[in-house]
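# Residue-level structural notes
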Amino acid sequence: VLLLGRVSVGVVAGVAQMAAGSYMTEISPIGVRGAVGVCSQAGIVFGIAFANFLTAPVFHTLGTREHWRMVFLVPSAFSLFQL
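Okay, so let's go over this structure.

What counts and what doesn't
Residues numbered from 1 in each chain as written. Predicted model: local features only at pLDDT ≥ 70, side-chain atom pairs only at ≥ 80, totals over all residues. Heavy atoms only, no water. Helix = DSSP H or I, 4+ residues; strand = E, 2+ residues; numbered from the N terminus. Rg over C-alpha atoms; globule rule 2.2 N^0.38 Å. Buried < 20%, exposed > 50% of the residue type's maximum accessible area, 1.4 Å probe, protein only. Phe/Tyr/Trp six-rings, centres within 6.5 Å; stacked < 30°, edge-to-face > 60°. Axes fitted to C-alpha atoms, helices over the stretch in contact; angles between N-to-C directions. Parallel < 35°, antiparallel > 145°, perpendicular 65-115°, else oblique. Left-handed = near helix turned anticlockwise from the far one by under 90°. Contact = heavy atoms within 4.5 Å.

## As for the overall build of the chain
- On a plain count of helices and strands, the chain comes out with 3 helices and 0 strands.
- Helices and strands in the chain line up, N terminus first, as α-α-α.
- Taking 83 residues into account, the globule formula puts the C-alpha radius of gyration at 12 Å, and the chain, at 16 Å, lies well above it.
- Of all 83 residues assigned to the chain, the portion counted as buried reaches 7%.

Have a look at this one:
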């Protein structure tokens, strides 16, 4: 059940990102259209890299057995910042 949920969430997240990127590119002015598409994809890549950095046991940040629950607070902090 968990595997099926993870696969379905991954597919939906990929489709949503594709649709959001296409929509943002279409509604942006012609002069900044390329920058909007690049910044969207760069934000995703940097977010994944940041998450990997935080959870890597080598760096001893949040990848330890004691601090793994703190990983869920990082997206919450960014969400509160966006409000």
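## Thoughts on the packing of aromatic side chains
- Here the structure, examined in full by the defined rule, presents 1 aromatic pair.
- Aromatic side chains Phe50 and Phe78 sit 6.3 Å apart centroid to centroid with 75° between the ring planes, which places their arrangement in the edge-to-face category. Of the two residues, Phe50 is situated in helix H2 (residues 33–55) and Phe78 in helix H3 (residues 73–82); the sequence distance between them amounts to 28 residues.

## Digging into the packing of helix H1 (residues 2–27) against H2
- Packing of H1 against H2 leaves a shortest axis separation of 8 Å and a crossing angle of 155°. Classified by the angle their axes make, H1 and H2 are roughly antiparallel. In this structure, H1 crosses over H2, and the sense of that crossing is right-handed. Along the contact surface, H1 presents Gln17, Met24, Thr25 and Glu26, while H2 presents Arg33, Val36, Gly37, Ser40, Gln41 and Ile44.

## Comments concerning the side chain of Ser28
- Here Ser28 shows up in the loop between H1 and H2.
- Overall, Ser28 belongs to the buried group, its relative accessible area being 9%.
- Beyond its immediate stretch of four places on either side in the chain, Ser28 contacts Arg33 and Val36.

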